Amino acid sequence: MERARAIISKSERKLTEEEVSLQGGQVISWRNGRGEEFLFTSSKEHPWWNPFDWFIPASTVNSKPPKALRGGILICFPQFGETGSIEQHGFARDKIWSIDENPPPLHPRDSLGKSFVNLLLRSSEEDLKCWPHRFELRLRVALSADGKLSLISRVRNIFGEPFTFAFAYHSYLSVSDISDVRVEGLETQYYLDNLCQRELFADQGDAITFESEVDRVYLDSPDVIGVLDHGSRRTFVMKKSGLRDVVVWNPWDKKSRAMKDLKPDEYQKMVCVNPAAVENPITLNVGQEWTGRLELINVASSFFSQTLIP
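Residues numbered from 1 in each chain as written. Predicted model: local features only at pLDDT ≥ 70, side-chain atom pairs only at ≥ 80, totals over all residues. Heavy atoms only, no water.

Thoughts on the packing of aromatic side chains
Then comes step 1: Counting across every chain of the model gives 20 aromatic pairs.
Then comes step 2: On the basis of an interplanar angle of 45° and a centroid distance of 6.3 Å, the ring pair of W30 and F236 is categorised as tilted. Taken as a pair, W30 in strand β4 (residues 27–32) and F236 in strand β17 (residues 234–241) lie far apart in primary sequence, 206 residues in all.
Then comes step 3: Residue F236 is classed as buried on the basis of its relative accessible area, which comes to 0%.
Then comes step 4: Connected via pairs of aromatic rings, a cluster forms that spans F77, F91, W131, F135, F163, F165, F167, Y169 and W290.
Then comes step 5: Positioned above the aromatic ring of F116, the side-chain terminus of R140 is 3.8 Å from the ring centre.
Then comes step 6: The ring of Y191 is capped by R216, whose NZ or CZ atom sits 4.5 Å from the centre of that ring. (Phe/Tyr/Trp six-rings, centres within 6.5 Å; stacked < 30°, edge-to-face > 60°. Helix = DSSP H or I, 4+ residues; strand = E, 2+ residues; numbered from the N terminus. Buried < 20%, exposed > 50% of the residue type's maximum accessible area, 1.4 Å probe, protein only. Lys NZ or Arg CZ within 6 Å of the ring centre and 35° of its normal.)

So, in structure tokens, the structure goes:
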């Protein structure tokens, strides 16, 4: 039987390497040359997931495989959360993508000095039953020689009527201890609190810290955000475009205990900061294309400043 390997990219450089899966176009690992992992993935035993041995029969492409691994960077499309009529976070993260052998060109700067892989997801007949819109979703995952990880997503309406969709890079960052983490760059921004029936609040002007469960959607957010991990003396600099919202989430202990794919104490080792188009969804007419970008930079410092951005 013809097969497609689950891991389709292991891009090695002096400083970092990354791994991407055909399952959902999910980035499952981003490491530096010392083997330090920057992305969190749950260590709870998963009944099917083995990133090095798992193969997918070609006949299952665009069928419904098992649920995605919790962690890494997941592609949420055409829905985020449970705000729409389809499954939570949409169906793209659970589909088997294909390698895009001949994608439409991007700007030369998106290729120069980078190793990358291009993936493609097209609407299937199964998708059309729950979301009746024909689309192409392209993803480029790239790694530069200095360790920057970038994702570029392009959604095109290829037939029929205009459609509106939500999108998010559901990004699980690995941290030393959630109590030592600060998210900076969202001060004074308005947010919807999902723990308070989506009530609108204004941030009080200090960095986000974590002492209990957090589940917020920040609106019209800036395009550069810092995630400071004082325990590991590391800062993740996130640069985004085409995505006006940011979702900040940590389930804390009570919710973690109820999750089947997360160990009870693993909430301490992760934080989700998700560039998104949720409250500001995207509408495309036939033939139109939208582009969203995320760049992640690891800086060996626990101080965030514009001067830290390489």
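From this point, things continue past the structure.
A short note on the pairing of β17
Then comes step 1: Burial analysis of β17 places six of its eight residues in the buried class, the great majority of the element.
Then comes step 2: As paired strands, β17 and strand β20 (residues 289–299) are joined by seven bridges and run antiparallel to one another. Counterpart to T235 in the pairing with β20 is V299. (Pairing = 2+ DSSP bridges.)

Comments concerning the environment of S179
Then comes step 1: When you line up the elements, S179 lands in the loop between β11 (163–174) and β12 (181–184).
Then comes step 2: Distance in space between the C-alpha atoms of S179 and K269 is 9.5 Å, their sequence separation being 90 residues.
Then comes step 3: Residues contacting S179, with those up to four places away along its chain left out, are F210 and W252. (Contact = heavy atoms within 4.5 Å.)

With respect to the nonpolar core
Then comes step 1: With 58 residues, the main nonpolar core has F77, L137, L151, F165, F167, F210 and V271 as its most contacted residues.
Then comes step 2: Leaving out residues up to four positions away in the same chain, L137 has contacts with I75, F77, A92, W97, L119, L120, L121, S153, R154, V155 and F167. (Core = buried A, V, L, I, M, F, W, Y, C linked by side-chain atoms within 4.5 Å.)

Examining empty space enclosed by the protein
Then comes step 1: Under the defined criterion, the tally for this structure stands at one cavity of 30 Å³ or more.
Then comes step 2: Here the largest cavity defines a volume of roughly 40 Å³.
Then comes step 3: Around the largest cavity, the lining residues are D100, P103, L106, N118, L119, R138, L139, R140, I152 and R154.
Then comes step 4: Going through the elements one at a time, β8 (114–122), β9 (134–144) and β10 (149–159) are the ones with two or more residues in the lining of the largest cavity.
Then comes step 5: Of all the elements, β9 adds the most residues to the lining of the largest cavity, at three residues.
Then comes step 6: Class assignment of the residues belonging to the lining of the largest cavity gives a composition of five nonpolar, one polar and four charged. (1 Å grid on protein atoms, 1.4 Å probe; cavity = no way out; pocket = protein on both sides within 12 Å on 5 of 7 lines; lining within 4 Å. Points joined across faces, edges and corners; volume = space filled by probe spheres on them. Nonpolar A, V, L, I, M, F, W, Y, C, P; charged D, E, K, R; others polar.)

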